[in-house]
Amino acid sequence: MKFDDKKTVKIPSKILVPVVTLAVGVLFAVISFGQYGFWDSTAMKPTKGFFPGIISVALIALSVLAFINGLRSPNAEFKLINWYVPGAVLLIIAATYVIGMIPSLLIFVFLWLKLYEKQSWLTTLIALAIVAFIVIGCFRIWLDIQFPIGFLGELIFG
Amino acid sequence: MENFALLFHGFQVVFTLQNIGACLLGAFLGLIVGAMPGIGSLAGVALLLPLTYKFNPTTAIVLLGALYYSNMYGGAFSAILLNIPGDSPAVMTALDGYPMATVKKRPGQALFTANLASCIGGTIGMIILAFLGPALADAGLHFGPAEMTILLLVAMTSIGWLVGSNPTNGVVLTLLGILVASIGMDLQSGSPRFNFGNVYLLGGVKFIPFVIGTVGFAQVMKLMDEKDDKAKESGITERLTIRGSLLSLHDVKRILPPAIRSGILGTFVGVLPGAGATTGAFLGYAVQRAFKNEEPLGTGAMQGIAACEAANNAAAAGAFAPLLALGIPGSGTGAVLLGGLMMWGLNPGPLLFQNEPDFAWGLIASLFIANIFALMIALGVIPMLLKILAVPVKVLIPIITVVCIVGSYSDTYSFYGVIIMLISGVCGYLFEKSGYSTAPMLLSFVLAPLLEDNMRKAFVISGGSTSKVFFNSAISTVLTIVFCVLILTPVIRAILKKTGILKGKKTK
C-alpha cells in the first residue's frame with residue numbers, strides 16, 4: 001500500500017484551540033490568584049498577579065464563547081506533509097549536537113531539495129549557495145554569530 | 001515650520017554613509033522579499049529583523065523603517081504580472097493591473113504606474129505624518145496612566161475585532177499574547193513570574209524567535225500545501241525593460257489626481273488601528289469610481305492602479321503616526337516593527353518627539369529616503385521580475401526554514417530561541433488553520449508590558465477604584481464608551497442576526 005502524505009485528516013481544532021486557551025487561562029488564573037495574590041491592601045497597590053489574573057479570567061470567559069462558536073464550525077483539515085518541516089527542525093537540532101549547526105543546515109537543504117523534492121543539481125547548488133551566503137556570509141562572518149560546532153567539531157578543533 | 005526644521009534635522013541624522021547604506025539595503029531586501037511569492041510583508045519583516053544586530057540603534061531603526069516601507073511596494077508585482085496579489089492590499093491592484101498588463105499589453109507601464117503612485121501616496125503620507133505625529137504626541141501628553149490603559153485596551157480590542165473573520169477568536173489570541181508576554185520577571189517587583197522553575201523562562205519569551213516562529217515558520221508550514229501547485233504562468237508575452245516601462249507625460253497627468261486624492265485619504269485611514277493598508281486600498285479604489293476615468297475601472301485603467309497603490313502606501317506611512325506618538329501599531333507588521341524599535345531602546349509614546357528627536361525624526365526622514373530608493377530599485381528590477389516571481393515555492397521552503405533557525409538562534413545564542421521559534425511556529429500554524437488570526441497576538445505581545453505598567457499605576461492612583469480609572473476624566477470616559485461599543489457591537493449584531501431582526505449571514 002502506497003503511503004500518502006497528502007491525505008487530509010479532519011481534526012476538530014476549532015474546538016481544541018479554545019480548550020487549550022481555556023486550560024492556559026485556568027492555569028494562569030490559579031497561579032495569579034493562588035500564589036501571587038491580587039491586591040495588597042496594606043500598601044494599597046496591585047500585586048504581580050493582578051494584571052495576569054484579570055487577563056486570564058477574560059481569557060476563560062472568551063474561550064468558552066469561542067468553544068461554543070467552534071461547535072458550529074466545520075473541522076479544519078490537516079495533512080501529514082505540513083509536519084515535515086517541524087520534524088526537520090528537530091532533526092537539525094539533534095544533528096547540531098554531533099556535526100555542528102552550519103553543516104547540519106547545509107546537509108538539510110541538500111537532502112530536502114535533491115532527495116525529497118527531486119530538484120536538478122543546478123537548482124540544488126544555487127539554493128545551497130544562497131543558504132551558505134546567508135548562514136556563513138551574513139550570520140557567521142558579518143554578524144559574528146558563533147554557531148555550535150558539535151561533538152565532532154569539539155574533537156577536531158578542540 | 002518648526003516641523004520642517006525638525007524633519008531637516010532628521011535628514012541630517014540619516015545622511016551618514018552607514019545609514020544611507022542601511023536604508024538602501026533595507027529598501028532592496030524589503031522589496032525583493034515583498035515580491036517573493038508566498039512570503040508577504042509580515043513574515044518578510046520578521047525574518048529580516050536579525051539583520052539589525054550589526055548596527056547601532058539609529059542605523060538599525062533606519063534599516064527597519066526601510067524594510068517595512070519597501071515591503072509595501074512588492075505586493076503589487078505578482079498582482080500585476082500573475083494576477084496573484086502578493087499581500088492583501090494588492091487585491092485591488094490586480095483588478096486593473098492584470099488587464100493592463102495582459103489585455104492592453106502594457107505590463108511595464110502597469111508596474112511603473114503602481115510604483116510611481118506608491119511613491120506619491122507614500123510621500124503625501126509622510127508629509128502628513130511629519131505634522132500629525134507630533135500633534136498626536138502633544139495630545140498624548142494629556143494622557144495619564146488611566147487614559148493610556150483604556151487607549152491600549154481600545155487599540156488591542158479593535159485589532160482583535162477587525163483582523164480575521166471572527167472577532168471572538170481575535171480577542172482570545174489577544175489575551176493569550178498578553179499572558180505569554182507576562183512570563184518572565186515582574187518588572188515592578190523584580191521577582192520571577194510564571195517561569196515554572198525554568199531558568200530560561202526567567203528572561204521571558206524572546207520577541208524575535210516568537211515573531212519569527214509565529215509568522216515566518218508558520219508560513220513555511222502553510223507553504224507545504226502550495227508547493228506542488230503548478231506555478232501560474234504569466235500571460236505576459238512582452239519583454240520587460242526599463243525603457244519600455246517609462247510613462248508618457250499624458251500617463252503621468254492621468255495618474256496624478258487619483259494618486260494625490262488616495263494619498264490623502266489613505267494616510268487618515270492608516271492612522272486608525274486595525275484599518276491599515278488593505279482598507280486604504282479598498283477605499284481608494286471605491287472613491288476613484290466616483291470620478292471620471294478615461295477607461296472604465298476593471299478593464300486595465302491606470303487610474304484604478306494608481307488609486308489603490310497610492311492609498312495603501314499612504315496608509316503604511318500614516319500608521320506611523322499612532323505608532324510613534326502613542327506607541328500603538330495599527331497592524332501585525334506595525335507590531336513587529338514596534339517590537340524591533342523597542343528592542344533597540346526606542347520607546348514610542350507621547351514623549352518620544354521630545355526626548356528622542358534624533359530617533360523619531362531620523363526614522364521619519366529615513367522613510368522619505370526609503371521611498372525614493374524603493375522607487376528606483378522597483379524600476380531597476382522590472383526586467384528581472386518574471387524570474388523572481390517564478391522561484392518555485394518548494395525551493396523557498398528549505399531556505400526560509402534555515403533563515404528561521406539561524407535568526408532565532410542568533411537572538412539567544414542557544415537552542416532556547418530555536419525551541420521558542422518552533423513552538424510558536426507550530427501554534428501559529430494551528431491557529432491560522434483553525435480560523436484564529438495571529439496578528440492580534442503579536443500586537444498584544446508587544447503592548448502587554450506597557451498596558452500592565454499603566455494599568456497598575458492607574459489602580460495605585462485611584463486607590464483600587466475601578467470607576468476612577470475608567471471615568472477619571474473626559475478623555476477616559478470617551479475612550480471607555482468607545483471600548484464598550486467595540487466590545488458590544490459584534491455581540492449585539494450576532495444576537496440581532498440570530499433573532500432575524502438584522503438580515504445577513506449568520507456569524508460563525
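Residues numbered from 1 in each chain as written. Chains lettered and ligands numbered in written order. Predicted model: local features only at pLDDT ≥ 70, side-chain atom pairs only at ≥ 80, totals over all residues. Heavy atoms only, no water.

### Examining the overall build of chain A
Along chain A, the regular secondary structure elements total six helices and four strands. Ordered by position in the sequence, the α and β elements of chain A form the string β-α-β-β-α-β-α-α-α-α. Taken against the 2.2 N^0.38 rule, which gives 15 Å for 158 residues, the C-alpha radius of gyration of chain A at 24 Å runs more than 25% over that of a compact globule. Structurally, chain A occupies a C-alpha span of about 65 × 50 × 25 Å along its principal axes. Per-residue burial for chain A yields a buried fraction of 41% across its 158 residues. Pairs at least 24 residues apart make up 64% of the contacts formed inside chain A by residues separated by at least 6 positions. (Helix = DSSP H or I, 4+ residues; strand = E, 2+ residues; numbered from the N terminus. Rg over C-alpha atoms; globule rule 2.2 N^0.38 Å. Buried < 20%, exposed > 50% of the residue type's maximum accessible area, 1.4 Å probe, protein only. Contact = heavy atoms within 4.5 Å.)

### What about the domain arrangement of chain A?
Taken as a whole, chain A is organised into domain 1 (8-74) and domain 2 (81-157). The C-alpha-based centres of domain 1 of chain A and domain 2 of chain A are spaced at 39 Å. (Domains from an automatic or database assignment.)

### Concerning the side chain of Ser 476 of chain B
All names here are of chain B. Relative to the helices and strands, Ser 476 is located in helix H23 (residues 474-498). Polar side-chain contacts of Ser 476 include one of 3.1 Å to the backbone nitrogen of Asn 472. Those residues in contact with Ser 476, other than ones at most four positions away along the chain, are Glu 147, Ile 150, Val 469, Phe 470 and Phe 471. (Polar contact = N/O pair within 3.5 Å; in protein donor to acceptor, adjacent residues only side chain to side chain.)

### Brief notes about the interface of chain A and chain B
On the side of chain B, 69 residues touch chain A, which itself brings 72 residues to the contact. Across the interface of chain A and chain B, roughly 6000 Å² is buried in total on both sides, 79% from carbon and sulfur atoms. Of all residues in chain A, the largest losses of buried area upon contact with chain B belong to Lys 48, Phe 51 and Trp 142 of chain A, amounting jointly to 12% of the total for that side. Viewed at the interface, chain B and chain A are joined by one salt bridge. Notably, a salt bridge pairs Asp 225 of chain B with Lys 79 of chain A, separated by 3.5 Å at the nearest N-O pair. The tally of links between chain A and chain B comes to 10 residue pairs in polar contact (both at pLDDT 80 or more). (Buried area = accessible area lost by both parts, 1.4 Å probe. Salt bridge = Lys/Arg side-chain N within 4 Å of Asp/Glu carboxyl O.)

### Considering the pattern of salt bridges
Residues and elements named next belong to chain B. In the structure shown here, the tally under the stated rule is 14 salt bridges over all chains. Put simply, Arg 106 and Asp 251 hold a salt bridge, and the shortest N to O gap is 2.7 Å. Within this pair, whereas Arg 106 is found in the loop between helix H5 (91-102) and helix H6 (107-140), its partner Asp 251 is found in helix H11 (residues 249-271), the two being separated by 145 residues in sequence. On the accessibility criterion, Arg 106 (22% relative accessible area) is partly exposed. What makes Asp 251 buried here is its relative accessible area of 5%. Shared partners join several salt bridges into a network, and the residues in it are Lys 104, Arg 106, Asp 251, Arg 254, Glu 294 and Glu 295.

### Considering the confidence of the model for chain B
When pLDDT is low, close inspection of the predicted coordinates is not appropriate. Mean pLDDT over chain B stands at 85; residues scoring 70 or higher make up 94%. Of all the helices and strands in chain B, helix H18 (residues 385-389) of chain B carries the lowest mean pLDDT, 76, while helix H20 (residues 415-433) of chain B carries the highest, 94. (pLDDT = per-residue confidence, 0-100.)

### Section: the nonpolar core
Within the largest apolar cluster, 208 residues are counted, with the highest numbers of intra-cluster contacts made by Phe 147 of chain A together with Leu 324 and Leu 341 of chain B. Built from parts of two domains, this core gets at least three residues from each of domain 1 (8-74) and domain 2 (81-157) of chain A. Apart from residues lying up to four places away in sequence, Leu 341 of chain B is in contact with Ile 61, Leu 64, Leu 323, Leu 324, Leu 346 and Leu 363 of chain B. (Core = buried A, V, L, I, M, F, W, Y, C linked by side-chain atoms within 4.5 Å.)

### Notes on the packing of aromatic side chains
Overall, the coordinates contain 26 aromatic pairs over all chains when judged by the stated rule. Their ring planes at 75 degrees and their centres at 5.7 Å tell us that Tyr 84 of chain A and Tyr 116 of chain A sit as a pair that is edge-to-face. Here the residue Tyr 84 of chain A occupies a position in helix H3 (residues 84-99), and Tyr 116 of chain A occupies one in helix H4 (residues 101-116), the gap between them amounting to 32 residues. By the ring-pair criterion, three or more aromatic residues cluster together here, those being Phe 33, Phe 38, Trp 39 and Phe 50 of chain A together with Phe 459 of chain B. When the ring centre of Phe 291 of chain B is taken as origin, the NZ or CZ atom of Arg 261 of chain B, which lies over that ring, is 3.5 Å away. Here the basic side chain of Lys 433 of chain B rests over the ring of Phe 78 of chain A, its NZ or CZ set 5.7 Å away from the ring centre. (Phe/Tyr/Trp six-rings, centres within 6.5 Å; stacked < 30°, edge-to-face > 60°. Lys NZ or Arg CZ within 6 Å of the ring centre and 35° of its normal.)

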